[in-house]
Amino acid sequence: EAQVTQNPRYLITVTGKKLTVTCSQNMNHEYMSWYRQDPGLGLRQIYYSMNVEVTDKGDVPEGYKVSRKEKRNFPLILESPSPNQTSLYFCATVSGANVLTFGAGSRLTVL
Amino acid sequence: GENVEQHPSTLSVQEGDSAVIKCTYSDSASNYFPWYKQELGKGPQLIIDIRSNVGEKKDQRIAVTLNKTAKHFSLHITETQPEDSAVYFCAARVTSGTYKYIFGTGTRLKVLA
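No experiment lies behind these values; they were computed from the predicted model shown.

## Quick notes on the pattern of salt bridges
Considering all chains together, one arrives at 9 salt bridges over all chains under this definition. Among the salt bridges present, the one from A:E79 reaches A:K65, with a minimum N-O distance of 2.9 Å. Taken as a pair, A:E79 in the loop between β8 (76-78) and β9 (87-94) and A:K65 in strand β7 (residues 65-66) lie far apart in primary sequence, 14 residues in all. We classify A:E79 as partly exposed; its relative accessible area is 35%. A salt bridge links B:D49 to B:K57; the nearest nitrogen and oxygen atoms lie 2.8 Å apart. A single salt-bridge network, built from bridges that share partners, covers A:K18, A:K65 and A:E79.

Take a look at the structure:
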């Protein structure tokens with residue numbers, strides 16, 4: 001089954017404590033992306049990657065880092081989380097037919 | 001910049017009635033318009049999409065229409081059922097050859113039994 005797997009699904013942390021949200025896909029897709037979802041703002045792109053070792057900023061990259069060392073994994077790194085990064089995060093891939101497939105989401109709370 | 005406006009933000013309909021959600025995009029070069037359904041606790045899932053060379057597409061109770069001149073596209077759900085209750089997002093792919101999508105702000109649909 002085609003899957004995008006994110007972990008953790010839920011996380012409560014404190015300001016400044018580095019964290020990583022992992023994302024893994026089993027579809028061998030080249031493109032992966034991270035979005036955040038906030039009430040009234042829809043889904044906004046944080047970072048994306050067109051292939052291994054190729055990453056680029058989306059619309060709201062401030063405070064985030066990513067890496068793409070292998071095709072299946074695309075972790076999202078918050079070096080020093082702040083309360084304004086409290087949000088629902090989604091990882092996604094794109095198939096050859098341009099279909100975005102999302103993970104189940106990771107709800108992050110930064111106190 | 002690129003923008004997708006979505007209306008209404010909330011919509012309540014009686015079971016069996018129709019529901020219509022409308023989106024307007026700003027980038028005239030957009031050529032692909034997917035609709036996503038997000039159920040509670042889950043990620044958005046593609047339910048239907050339309051490309052710019054097509055005016056209408058239908059899949060059972062769901063249809064999407066596109067007016068390129070007006071830069072409008074709409075989702076139509078007929079014979080609504082309680083399981084249609086969810087948040088719906090429209091999106092526009094900004095330019096051909098990229099995977100950059102701009103999303104609308106979402107519509108929370110409630111189907112009342």
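## Quick word on the sheet that holds strand β3 (residues 19-25) of chain A
All names here are of chain A. Pairing is antiparallel across the open sheet formed by 4 strands, whose spatial order is β1-β3-β8-β7. Only two strands of the sheet have a single partner each, and these edge strands are β1 (4-7) and β7. Of the pairings in the sheet, the one linking β1 to β3 comprises 4 bridges and is antiparallel in character. Bridge pairing in β3 links T5 to S24.

## Focus on the layout of surface pockets
Approximately 610 Å³ is the volume attributed to the largest pocket. Along the wall of the largest pocket there are 29 residues; nearest its centre are A:Q37, A:L88, B:Q38, B:V87 and B:R108. Here the second largest pocket is characterised by a volume of approximately 350 Å³. In terms of lining residues, the second largest pocket is bounded by 18 residues, among which A:V4, A:F102, A:G103, A:A104 and B:Q45 are the most central. At the level of elements, β1 and β10 (100-102) of chain A together with β5 (45-51) of chain B are the ones that each hand at least two residues to the lining of the second largest pocket.

## Some remarks on the interface of chain B and chain A
Of the residues lining the interface, 18 residues belong to chain B; the matching set on chain A comes to 21 residues. Where chain B abuts chain A, roughly 1600 Å² becomes buried across the two surfaces, and 54% of that area is made up of carbon and sulfur atoms. Considering only the side of chain B, the residues that lose the most area to chain A are B:Y99, B:Y101 and B:F103, jointly responsible for 36% of the buried surface there. On inspection of chain B and its partner chain A, the count reaches 1 salt bridge. A:D59 is the partner of B:K100 in a salt bridge, and the nearest nitrogen-oxygen pair spans 2.9 Å. Scanning the region where chain B abuts chain A turns up 4 residue pairs in polar contact (both at pLDDT 80 or more). At the level of elements, β4 (32-38), β5, β9 (86-93) and β10 (101-103) of chain B are the ones that each hand at least two residues to the side of chain B that touches chain A. Considering only residue class, the side of chain B that touches chain A consists of 9 nonpolar, 5 polar and 4 charged.

About the cut-offs
- Residues numbered from 1 in each chain as written.
- Chains lettered and ligands numbered in written order.
- Predicted model: local features only at pLDDT ≥ 70, side-chain atom pairs only at ≥ 80, totals over all residues.
- Heavy atoms only, no water.
- Salt bridge = Lys/Arg side-chain N within 4 Å of Asp/Glu carboxyl O.
- Helix = DSSP H or I, 4+ residues; strand = E, 2+ residues; numbered from the N terminus.
- Buried < 20%, exposed > 50% of the residue type's maximum accessible area, 1.4 Å probe, protein only.
- Pairing = 2+ DSSP bridges.
- 1 Å grid on protein atoms, 1.4 Å probe; cavity = no way out; pocket = protein on both sides within 12 Å on 5 of 7 lines; lining within 4 Å.
- Points joined across faces, edges and corners; volume = space filled by probe spheres on them.
- Contact = heavy atoms within 4.5 Å.
- Buried area = accessible area lost by both parts, 1.4 Å probe.
- Polar contact = N/O pair within 3.5 Å; in protein donor to acceptor, adjacent residues only side chain to side chain.
- Nonpolar A, V, L, I, M, F, W, Y, C, P; charged D, E, K, R; others polar.

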